[in-house]
Amino acid sequence: MVKVDLSGAKQFFTGAGPDYALAALCHETLVNKSGLGADFTGWLELPQRVKDTELERILAAAKKIRSRSQALVVIGIGGSYLGARGAIEMLRPIPGKDDPKVFFMGNGLSADALSDCIEQLGDMDFDVNVISKSGTTLEPAAAFRIFRELLAKKYGEEADEHIFATTDAKRGVLKSLANDKGWESFVVPDDVGGRFSVLSAVGLLPMAVAGIDVEKVIDCAIAEFKALDLRSPENPAWQYAAARQNLYGKGFDTEILGCYEPSFRFMAEWWKQLYGESEGKDGKGIFPASVEFTADLHSMGQYIQAGRRSLMESVVRFDHSRTAFLFPNDAQNADGLNYLAGRDIAEIANIAADAVRDAHVTGGVPNMVIHVEKRDEAGFASLVCFFELACAISGYMSRVNPFDQPGVEAYKKNMFRMLGKPGAV
Ligand code: PA5
């Protein structure tokens, strides 16, 4: 399990501090499936379900793709791509020699991004994994048509064998197309919303193609959800959920998530969607933003330290870095850096992180640290389970339905009308 350190937040808490009694009630409501949006809480059982059903087929598909292709184009948007991208960048930021390159497309409407990807694909052999629960989202649907054409040009009648569809089990255009064309398909379960789906085929197939040990991810996630069932203020998900709700009540309405590993950037994007879409409704919600440390201390650091006092800060810290990197000694010491000689860069980063925390707390920014053992499959699984559970508890604590996203429809309605989609009003 991750460990949450609230020592940099406690001086900012109101009243008796985090409301663990309410966190307990919300946790109970969640697992009893008696709260708002209970029909979308299947993610709690998702790792075991996937292990019992699709995992073997996911592994087999990934093996096939790895053996024949130099690239996989993953087409999806929001919850249908951020988790996989976060995992791949966190765990395998540089593809190994036998790893296909994974491109993420269909997450915007950029002609330039499309043509850049097509140019990079060149004459590489490639497969496509199209991911859309509804099957109707414009951005991935449009990109998919383009890549299907490309596959058809390249592989002719064999093109359909290069398409893997991850979508609803029964409904939607994508599902019907998959049935008609015989594409291998995987399921986004009915009771799991996009942003909670990373531990299904949505995340696992691209991750496995990229060379991540997804069996390990799933086994760790099963163990993690069990451990997080702890009904006590020792539960890190209660601590994080209750602390941020307490701080929100005091006017800290923006949360910045930071990390000292650049490879965490897309995990932070995944987290932003998870919390933003789950909590931002009914005129409420903590605004989730992200920063990369130490880089952003030289761009956003001024604001964090001394701007409007509405920020709370959560920092993910990996307790053990993957590599030891000792700072070199220099006999001349012309740059004056020999005071660092012989010290591990990770140790220097840890000291920097402590120094930054103290400065921010002194500047009026409540600080929460989320400690994760390592940047590996187990660390990824524990972060996902922790953030998902804490998000649901936190959403219930603020009395919203954390599992819907009615606000996302507004732009789509306008866009479809303005584009002249038949039937759009
Ligand atoms: O969390 C969500 O439900 C959304 O972010 C969806 O994942 C996103 O809108 C994409 O939807 P779909 O998978 O239906 O194309």
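Here, every reference points to the structure presented above.
Participant: Looking at this model, I keep getting lost on the sheet that holds strand β9 (residues 311-320). Mind explaining?
Facilitator: One open sheet accounts for five strands, arranged β1-β10-β9-β7-β8; its pairing is mixed. Unpaired on one side and paired on the other, β1 (3-5) and β8 (287-292) mark the two borders of the sheet. Direction aside, the axes of adjacent strands within the sheet are offset by 25 degrees on average. Sheet topology places strand β7 (residues 254-259) next to β8; six bridges connect them, and they run parallel. By the bridge assignment, C259 is partnered in β8 with E292. The sheet contacts of helix α11 (residues 265-279) involve β7 and β8, and relative to β8 the element is tilted by about 175 degrees. The sheet contacts of helix α13 (residues 345-362) involve β1, β9 and β10 (367-374), and relative to β9 the element is tilted by about 165 degrees.

Participant: Explain the packing of helix α4 (residues 82-91) against helix α14 (residues 377-397) here, please?
Facilitator: Their axes nearest at 10 Å, the elements α4 and α14 cross at an angle of 145 degrees. By crossing handedness, the relation of α4 to α14 is classed as right-handed. Between α4, through G83, A87, M90 and L91, and α14, the contact on the second element is made entirely by E377, G379, F380 and L383. Tallied by class, the residues present in the contact of α4 with α14 amount to five nonpolar, two polar and one charged.

Participant: Can you walk me through the sheet that holds strand β6 (residues 184-187) in this structure?
Facilitator: Through backbone hydrogen bonds, the strands of a sheet pair up, either in parallel or in antiparallel fashion. A sheet is described by the order of its strands in space; here five strands give the open sequence β3-β2-β4-β5-β6, paired in parallel fashion. If you trace the sheet from one side to the other, it starts and ends with β3 (101-105) and β6, each paired once. With direction set aside, neighbouring strand axes in the sheet form an average angle of 20 degrees. Note: strand β2 (residues 71-75) against β3, five bridges, orientation parallel. Bridge pairing in β3 places A71 opposite K101. Most of the contacts of helix α3 (residues 55-68) go to β6, to which it runs at about 135 degrees, and overall it touches β2, β4 (126-131), β5 (163-167) and β6.

Participant: Could you clarify how one ought to interpret the pairing of β5 in this entry?
Facilitator: Put simply, side chains in a regular strand alternate between the two faces of the sheet. Burial analysis of β5 places five of its five residues in the buried class, the great majority of the element. Residues of β5 alternate between two faces, with I163, A165 and T167 on one and F164 and T166 on the opposite face, all of them buried. Pairing of β4 with β5, which is carried by four bridges, proceeds in the parallel orientation. Each residue of the ladder has a partner; that of I131, found in β5, is T166. Viewed along the sheet, the connection from β4 through helix α6 (residues 138-155) into β5 turns out right-handed. Regarding topology, helix α7 (residues 173-181) serves as the crossover connection from β5 to the parallel β6, and that connection is right-handed.

Participant: Explanation requested: the nonpolar core in the structure shown.
Facilitator: In a soluble, globular protein the nonpolar side chains are often hidden away together inside. Ranked by internal contacts, the top residues of the largest apolar core, which has 96 residues, are L199, Y240, F264, V316, F380, L383 and F387. Here this core gathers at least three residues from each of two domains, domain 1 (3-36 + 220-407) and domain 2 (40-215). For F387, the contacting residues outside a window of four places in its chain are Y240, L257, W270, W271, L274, Y275, V316 and I370. Residues L114, C117, L121 and A159 belong to the second largest nonpolar core, which totals 22 residues.

Quick notes on the rules
- Residues numbered from 1 in each chain as written.
- Predicted model: local features only at pLDDT ≥ 70, side-chain atom pairs only at ≥ 80, totals over all residues.
- Heavy atoms only, no water.
- Pairing = 2+ DSSP bridges.
- Helix = DSSP H or I, 4+ residues; strand = E, 2+ residues; numbered from the N terminus.
- Axes fitted to C-alpha atoms, helices over the stretch in contact; angles between N-to-C directions.
- Contact = heavy atoms within 4.5 Å.
- Left-handed = near helix turned anticlockwise from the far one by under 90°.
- Nonpolar A, V, L, I, M, F, W, Y, C, P; charged D, E, K, R; others polar.
- Buried < 20%, exposed > 50% of the residue type's maximum accessible area, 1.4 Å probe, protein only.
- Right-handed = clockwise from strand over helix to strand, strands pointing away.
- Core = buried A, V, L, I, M, F, W, Y, C linked by side-chain atoms within 4.5 Å.
- Domains from an automatic or database assignment.

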